[in-house]
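Inside the fold
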Amino acid sequence: MRTLAPSMTRSMQRVAEAVAADPAGCAALTVTGLAELTGTSEATVVRTARLLGYPGYRDLRLALAGLAAQQQSGRAPAVTADIAVDDPVADVVAKLAYDEQQTLADTAAGLDTVQLGAAVAALATARRIDIYGIGASGLVAQDLGQKLLRIGLVAHAHSDPHLAVTNAVQLRSGDVAIAITHSGSTGDVIEPLRVAFDHGATTVAITGRPDGPVAQYADHVLTTSTARESELRPAAMSSRTSQLLVVDCLFTCVTQRTYETAAPALAASYEALAHRHTPRNR
């Protein structure tokens, strides 16, 4: 709920706040009851449930009832949705691995290959590529920038919002700007994308919120899975995993399209770094 709150309307936020404050009490309410409690409509309650990842209000009620039962049972508090404070290390590893697999599967299932193909086509012929990301998304932006540089493309990742904007001003038609933001509402990422969009560059958004503000300045939107967040497992953990999958898809498909130039560029970069991976004789 903390992750999705910025993309909610005020009425939806009231529903989410009520659910977070009293899961047991809300689990006992009908959709009409919760609407009356929060001063909203039944439609708003259903939309909130769907935004939180449930098919409908009935499924949200079941989840709330389960959470309330866990809280009342006195079981160890959860670190994630599946991991408790007292879980052994082996269980933590297994559960995290399973969660990462689910994140990748959800992202792959929801990725629009038509949008992906259009973004790949723009990148393959781009004069210059700018990539914007802050925090964990900034690490993903750096990863994509380094990959594209190794196949001979002019690509730069920007995590400083001032530099991002001043570079975006220089973009033109034939250039590509990519914004990476899980929430879809990170101002320091949206601003340079807007500037690039206004200057005629092809723009791409990699986001978990395709209906977020970033989408209005994106020619192509690549959607990642909606991450689950808990006290000790921030959404950035799984959002980063899904973002990296999209980045790898972009890089691999661009390499396919530019193979005649990409293959020699990769070989040259491997050769240039080979001595750094070979033990030196003393």
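Here, the structure is the one placed above.
Thoughts on the side chain of His158
With respect to the helices and strands, His158 occurs in strand 2 (residues 155-158). In this structure His158 touches Asp130, Ile131, Tyr132, Gly133, Leu163, Ala164 and Asn167, once residues within four positions along its chain are discounted.

Re the sheet that holds strand 4 (residues 202-207)
Spatially, 2-1-3-4-5 is the arrangement adopted by the five strands of the open sheet, whose pairing is parallel. The outermost strands of the open sheet, each flanked by one partner alone, are strand 2 and strand 5 (220-223). Here the strands of the sheet are splayed against their neighbours by 15° on average, with no regard to which way each runs. Sheet strands in contact with helix 10 (residues 187-198) are strand 1 (129-133), strand 3 (176-180) and strand 4, and its direction is about 160° off that of strand 3.

What to know about the pattern of salt bridges
A complete count under the given rule lists seven salt bridges for this structure. Asp175 is the partner of Arg127 in a salt bridge, and the nearest nitrogen-oxygen pair spans 2.8 Å. You can see Arg127 sitting in the loop between helix 7 (113-124) and strand 1 and its partner Asp175 sitting in the loop between helix 9 (161-168) and strand 3, a full 48 residues away along the chain. Overall, the relative accessible area of 0% leaves Asp175 in the buried class. Connected via shared salt-bridge partners are Asp143, Lys147 and Asp248.

Some words on helix 12 (residues 259-274)
Over its 16 residues, helix 12 runs 22 Å from end to end, which matches the ideal 22 Å to within 8%, given 1.5 Å per residue. What helix 12 keeps buried is the set Ala262, Leu266 and Ser269. Buried positions in helix 12, seen along its axis, are confined to an arc of 65° and lie on one side of it. Opposite the buried face of helix 12, by more than 90 degrees, sit the exposed residues Glu260, Thr261 and Glu271.

Quick word on the state of the cysteines
Following the criterion strictly, the structure yields zero disulfides and no others. The thiol sulfur of Cys249 is not disulfide-bonded, and the nearest other cysteine sulfur, from Cys253, lies at 6.3 Å.

Observations regarding helix 6 (residues 89-110)
Between the first and last C-alpha of helix 6 there are 32 Å, a value that for 22 residues agrees with the 32 Å anticipated at 1.5 Å per step. Within the sequence span of helix 6, burial applies to Asp99, Thr103 and Thr107. Buried residues of helix 6 fall within an arc of 70° about the axis and therefore sit on the same side. For helix 6, the exposed residues set more than 90 degrees away from the buried face come down to Ala90, Val93, Tyr98 and Ala109.

With respect to the packing of helix 9 against helix 10
Look at helix 9 against helix 10: their axes get within 8 Å of each other, and the N-to-C directions meet at 10°. In terms of orientation, helix 9 lies roughly parallel with respect to helix 10. Contact residues: helix 9 offers Pro161, Ala164, Val165 and Ala168, while helix 10 offers Asp188, Glu191, Pro192, Val195 and Ala196. A per-class count over the contact of helix 9 with helix 10 returns seven nonpolar, no polar and two charged.

Side note on the packing of aromatic side chains
Summed over the entire model, instances satisfying the criterion amount to one aromatic pair. With a centroid separation of 6.2 Å and an interplanar angle of 65°, the aromatic rings of Phe197 and Tyr217 are classed as edge-to-face. Here Phe197 is found in helix 10, whereas its partner Tyr217 is found in the loop between strand 4 and strand 5, with 20 residues between them in sequence. For Phe197, a relative accessible area of 32% puts it in the partly exposed group. A cation sits over an aromatic face here: Arg150 above Tyr270, 4.8 Å from the ring centre.

Quick word on the pairing of strand 3
Looking down a regular strand, the side chains alternate between one sheet face and the other. Among the five residues that make up strand 3, five are buried, leaving the element largely enclosed by the rest of the structure. In strand 3, alternate side chains face the same way, and those of Val176, Ile178 and Ile180 on one face and Ala177 and Ala179 on the other are all buried. Relative to strand 3, strand 1 runs parallel, the two being bridged by five bridges. Across the sheet, Ile131 pairs through a bridge with Ile178, a residue of strand 3. Bridge count between strand 3 and strand 4: five bridges; the pairing is parallel. Bridging across to strand 4, Ala177 finds its partner in Thr203.

A closer look at the pairing of strand 4
Of all six residues making up strand 4, five are buried, and the element is well covered by its neighbours. Note on the crossover from strand 3 through helix 10 to strand 4: the handedness is right-handed. As paired elements, strand 4 and strand 5 share four bridges and run parallel to each other. Its bridge partner being in strand 5, Thr207 is matched across the sheet by Thr223.

Rules used in this analysis
- Residues numbered from 1 in each chain as written.
- Predicted model: local features only at pLDDT ≥ 70, side-chain atom pairs only at ≥ 80, totals over all residues.
- Heavy atoms only, no water.
- Helix = DSSP H or I, 4+ residues; strand = E, 2+ residues; numbered from the N terminus.
- Contact = heavy atoms within 4.5 Å.
- Pairing = 2+ DSSP bridges.
- Axes fitted to C-alpha atoms, helices over the stretch in contact; angles between N-to-C directions.
- Salt bridge = Lys/Arg side-chain N within 4 Å of Asp/Glu carboxyl O.
- Buried < 20%, exposed > 50% of the residue type's maximum accessible area, 1.4 Å probe, protein only.
- Expected span 1.5 Å × (residues − 1).
- Arc of directions from axis to C-beta.
- Disulfide = S-S within 2.5 Å.
- Parallel < 35°, antiparallel > 145°, perpendicular 65-115°, else oblique.
- Nonpolar A, V, L, I, M, F, W, Y, C, P; charged D, E, K, R; others polar.
- Phe/Tyr/Trp six-rings, centres within 6.5 Å; stacked < 30°, edge-to-face > 60°.
- Lys NZ or Arg CZ within 6 Å of the ring centre and 35° of its normal.
- Right-handed = clockwise from strand over helix to strand, strands pointing away.

On their own, these measurements won't tell you what the molecule is for.
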